[in-house]
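# Survey of secondary and tertiary structure
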Amino acid sequence: MVEVRLEKITKKFGDFTAVNELTLTIKDGEFLVLLGPSGCGKTTTLRMISGLETPTSGKIWFGDRDVTYLPPKDRNISMVFQSYAVWPHMTVYDNIAFPLKIKKYPKEEIDKRVKWAAELLQIEELLDRYPAQLSGGQRQRVAVARAIVVEPDVLLMDEPLSNLDAKLRVMMRAEIKKLQEKLKVTTIYVTHDQVEAMTMGDRIAVMNKGQLLQVGPPVEVYSKPNSIFVATFIGAPEMNLMDVTVKETDKGIALEGEGFEILLPEDLGEFLKDYVNKTVVFGIRPEHMTVEGISEVLHVKRKAKIKGTVDFVEALGTDTIIHAKVGGKIIKIKIPGHVPIELGRPVDIIIDLDNIHVFDKSTEKAII
Ligand code: ATP
């Protein structure tokens, strides 16, 4: 186990900056998820940590060891990729044993470790089979067993579940998480799937365009996103965003949008004193609203009410997503369970004021 420290690492490919001055510490034994859209620099970051890629500038530390220019074999890391990369001509046993053979472990030690890893991944019954005789999920278990068999200081995973079907992915998510908790190996896990990030990470590091935007525990990143990008990348359906004008009224600060006005409690209004008469971006997640008379499950202390009409309804079984027209805009409201509601009906929408977000229109950074 080891702490991994990235100190202002930058990677350029010609003129293109794939990773830009990224600074991040992954704690000893932590499960950190690197999350971001395709092309944001996640894989490049992981490859620099593994040694497959060298930073253009910056430093990488494993504990007090500067590993920036060390080849992968001297870092005591293991990697699991999206493509399972198990060798087709070797049995499961030989696949798992391979990294130990390279390291010239004695035969008995190899046998002991292969059986230990196979038991942890529940593939003891498959040790004599060849990869062609395995399902995708089983092959990925072999790849994970082979990664942990050497007891690496750092485990690196690059979208390891994206080739699996949806059901298997959910199952493997939980298994990899439990396995990591058991082994306590420092793990860096790359994904573009926000649900995977939320359910697996001790902390999530959100990246976009080579930059690290926010890092924190999943609940913090969800409830206190520091920018519009993070706010909309996490959560489904995504956060509703509307341009509003900050107004000073005789009752306090209010947000005036197309077809609605929301009076803010004094403590929230305070944050917007410098924005009076300016346009800001108001954000509210679908799950932080409800429709009066339809659902009372939202336990809100402080609320605002706005008017809309039902434009469309998505009945998902577990939830109902109501698309309501407010002014000229559509707002999505997520209500638990099945709620029958007719189209065109006028509704009072309740907003939970303790879960609202306000962003600066030009910097896109969070104000509230
Ligand atoms: P994905 O989820 O699609 O794998 P990612 O976030 O992992 O995306 P990277 O693979 O790190 O993204 O790539 C970041 C950017 O750097 C991309 O625009 C990519 O085209 C570019 N890039 C990566 N490797 C190279 C390379 N060897 N030469 C030139 N450009 C590269």
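Residues numbered from 1 in each chain as written. Predicted model: local features only at pLDDT ≥ 70, side-chain atom pairs only at ≥ 80, totals over all residues. Heavy atoms only, no water.

Identification of the chain as Sugar transporter subunit: ATP-binding component of ABC superfamily transporter from Thermococcus barophilus is taken from an unreviewed UniProt entry. Turning to the chain, the UniProt record has this under Subcellular location (unreviewed entry): "Cell membrane". (UniProt positions renumbered as here; feature names shortened; annotations may be inferred.)

## A word on the packing of helix H4 (residues 136–148) against helix H5 (residues 166–183)
Between two packed helices, the angle of one axis relative to the other and the distance separating the axes together describe the packing. At a minimum axis distance of 12 Å, the contact between H4 and H5 shows a crossing angle of 15°. Relative to H5, the element H4 lies roughly parallel. Our pair here, H4 against H5, has a crossing hand that is right-handed. Listed contacts from H5 to Gly137, Arg141, Val144 and Ile148 of H4 are Leu168, Met171, Met172, Glu175, Leu179 and Leu183. In the contact of H4 with H5, the residues fall into seven nonpolar, one polar and two charged. (Axes fitted to C-alpha atoms, helices over the stretch in contact; angles between N-to-C directions. Helix = DSSP H or I, 4+ residues; strand = E, 2+ residues; numbered from the N terminus. Parallel < 35°, antiparallel > 145°, perpendicular 65-115°, else oblique. Left-handed = near helix turned anticlockwise from the far one by under 90°. Contact = heavy atoms within 4.5 Å. Nonpolar A, V, L, I, M, F, W, Y, C, P; charged D, E, K, R; others polar.)

## Topic: the site of the ligand
Taken together, Phe13, Phe16, Ala18, Pro37, Ser38, Gly39, Cys40, Gly41, Lys42, Thr43, Thr44 and Glu159 make up all the residues around the ligand. Residue Cys40 places a main-chain N or O atom 3.0 Å away from an oxygen atom belonging to the ligand. With respect to the ligand, the side chain of Thr43 contributes an N or O atom lying 2.6 Å from an oxygen atom. The protein chains hide 58% of the 640 Å² of surface that the ligand would expose on its own. Top element by residues in the shell around the ligand is helix H1 (residues 42–50). It accounts for three residues. A per-class count over the shell around the ligand returns five nonpolar, five polar and two charged. (Near = heavy atom within 4 Å. Polar contact = N/O pair within 3.5 Å; in protein donor to acceptor, adjacent residues only side chain to side chain. Areas by Shrake-Rupley, 256 points an atom, 1.4 Å probe, with all protein chains shown as cover.)

## Structural notes on the side chain of Glu196
Within the secondary structure, Glu196 sits in helix H6 (residues 194–200). This buried residue, Glu196, is left without a salt bridge; Arg169 holds the nearest opposite charge, at 4.6 Å. Separated by 2.8 Å, the side chains of Glu196 and Tyr189 make a polar contact. One polar contact links Glu196 to Thr191, side chain to side chain, over a distance of 3.2 Å. Ignoring any residue separated from it by four or fewer positions in sequence, one finds Glu196 in contact with Leu161, Arg169, Arg173, Tyr189, Thr191 and Gly201. (Buried < 20%, exposed > 50% of the residue type's maximum accessible area, 1.4 Å probe, protein only. Lys, Arg positive; Asp, Glu negative; His and termini not counted. Salt bridge = Lys/Arg side-chain N within 4 Å of Asp/Glu carboxyl O.)

## Some thoughts on the pattern of salt bridges
Side chains bearing opposite charge may pair, as long as their charged atoms lie close to each other. This model, assessed by the stated rule, comprises 21 salt bridges. A salt bridge links Arg141 to Glu175, with the nearest nitrogen and oxygen atoms 2.8 Å apart. Of the two residues, Arg141 is situated in helix H4 and Glu175 in helix H5; the sequence distance between them amounts to 34 residues. Among the residues examined, Glu175 registers a relative accessible area of 21% and is labelled partly exposed. Measuring nitrogen to oxygen at the nearest pair gives 3.1 Å for the salt bridge that ties Glu270 to Lys273. Take Glu270: its relative accessible area is 47%, and that puts it in the partly exposed class. Among the residues examined, Lys273 registers a relative accessible area of 42% and is labelled partly exposed.

## Points about the pairing of strand S6 (residues 77–80)
Here S6 shows two buried faces, one formed by Ile77 and Met79 and the other by Ser78 and Val80. Bridging between S6 and strand S7 (residues 154–158) involves four bridges; their strand directions are parallel. Paired with Val80 across the strands is Met157, a residue of S7. (Pairing = 2+ DSSP bridges.)

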